[in-house]
Amino acid sequence: MLVKTDTGGLGIFKANSPDTGVYATMPSSEVAFDFLFFIADNQFYHYTALSAKKNDEIYLFSNQNANKKNTTTLVSSVVSATELGDITDGPLLGIIRLRLNFRLPAKLRLMFPAPSLKWNYYVITGPLRASLVVDGKLSGILFSKKENTESQSDAIVKALTNNYPKAKVASFKSDKVIALSNQGRKNIQLKNELTNSVIIKHLPNPSLHDNGIQIINLLD
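Reading the values: the criteria
Residues numbered from 1 in each chain as written. Predicted model: local features only at pLDDT ≥ 70, side-chain atom pairs only at ≥ 80, totals over all residues. Heavy atoms only, no water. Buried < 20%, exposed > 50% of the residue type's maximum accessible area, 1.4 Å probe, protein only. Helix = DSSP H or I, 4+ residues; strand = E, 2+ residues; numbered from the N terminus. Pairing = 2+ DSSP bridges. Contact = heavy atoms within 4.5 Å. Core = buried A, V, L, I, M, F, W, Y, C linked by side-chain atoms within 4.5 Å. Phe/Tyr/Trp six-rings, centres within 6.5 Å; stacked < 30°, edge-to-face > 60°. Axes fitted to C-alpha atoms, helices over the stretch in contact; angles between N-to-C directions.

## Considerations on the pairing of strand β7 (residues 92-99)
Burial within β7 is extensive, with seven of its eight residues counted as buried. Taken together, the four bridges between strand β4 (residues 57-62) and β7 define a ladder with parallel strand orientation. Across the sheet, L60 pairs through a bridge with I95, a residue of β7.

Below, the structure written as structure tokens:
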């Protein structure tokens, strides 16, 4: 038996005819195929909510409980890292374990939840700069604004005001939680509130590790 990848996915072929078709008789569903799952995107953990695990554990993604369907979502769990043996190279996330208990052709899906949180922009400007607004309507996000005097209970506003006593600090909070993505969201703009002119066309997206907080310093 030969297992190989092509543009259509993963193929299981007769050992003596790897180019003529899918294996006619599937191996027993008791047989498991293990694939090491490495992360190629170094930002993966910034936009993915994984379940908690210990340092000596790894993630296992399996279709063991599938009901012989053509489309199956792999189920996540954690297992002891000893299942890997001595393999430690690379950014290894875990193991994909497939049991052939489905009809061919089949689609196997591995889905990761994205963390969601409210976004907060803090904009520091000089005292004479015109009033600003964060406009996220093109991305389907609304932001509410508060100036220095309205945000005295905000610890970040207090800290920025102490660091820049002559500056103006405005905070902008999203009206809803936003799911993080590896693609990012464009067209969240910083504008002059009076003229509606764009100052920054694409504001940087806040990250999970910064708790959804992004500070924009416009001081000269």
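## Details of the environment of F61
With respect to the helices and strands, F61 occurs in strand β4. Exposure remark for F61: the relative accessible area of 2% places this residue in the buried category. Taking the C-alpha atoms as reference points, F61 and F37, separated by 24 residues in sequence, lie 9.4 Å from one another. Not counting chain neighbours up to four residues away, the residues in contact with F61 comprise F37, L74, V75, S76, L93, I95, I96, R97, L110 and F112.

## A word on unusual backbone geometry
The phi dihedral of N187 falls on the positive side, at around 65 degrees, and the residue is not glycine. Inspection of the secondary structure puts N187 in the loop between β14 (178-179) and β15 (189-192). The partly exposed category is assigned to N187, whose relative accessible area is 26%. At N196, a residue that is not glycine, the phi angle is positive and equals roughly 65 degrees. Mapping N196 onto the fold places it in the loop between β15 and β16 (198-200).

## Overview of the side chain of Q189
Residue position: Q189 is located in strand β15. Classification of Q189 as buried rests on a relative accessible area of 9%. Setting aside chain neighbours within four positions, we find Q189 in contact with V133, V134, D135, L138, V198, I200, K201 and L203.

## Side note on the nonpolar core
Ranked by size, the top nonpolar core spans 27 residues in total, and within it W119, Y121, V134, F143 and I188 carry the most contacts. Of all the secondary structure elements, the ones that give two or more residues to this core are β4, β7, β10 (120-125), β11 (132-135) and β13 (168-174). A per-element tally of this core places β7 first, with three residues. Ignoring sequence-local partners within four residues, the contact set of F143 consists of W119, Y121, V134, G136, F172, K173, S174 and I188. Ranked by size, the runner-up nonpolar core spans six residues in total, among them Y122, I124, L160 and V169.

## Quick notes on the packing of aromatic side chains
In the structure shown here, the tally under the stated rule is eight aromatic pairs. Between F37 and F61, the aromatic rings sit 5.9 Å apart at their centres with planes inclined by 70 degrees, giving edge-to-face as the arrangement. A residue pair is termed long-range when its members are at least 10 positions apart, and F37 in strand β3 (residues 32-38) and F61 in strand β4 qualify at 24 residues. Within the aromatic cluster, the residues linked to one another by ring pairs are F37, F44, Y45, Y47, Y59, F61 and F112.

## Observations concerning the sheet that holds β11
Read across the open sheet, the three strands follow the order β11-β15-β16; overall the sheet is antiparallel. Looking at strand neighbours, the two that pair on one side only are β11 and β16, the edges of this open sheet. Sheet twist, expressed as the average angle between the axes of neighbouring strands with direction ignored, equals 40 degrees. As defined by bridge partners, β15 adjoins β16 across two bridges and the pair is classed as antiparallel. If you follow L190 over to β16, its bridge partner there is I200.

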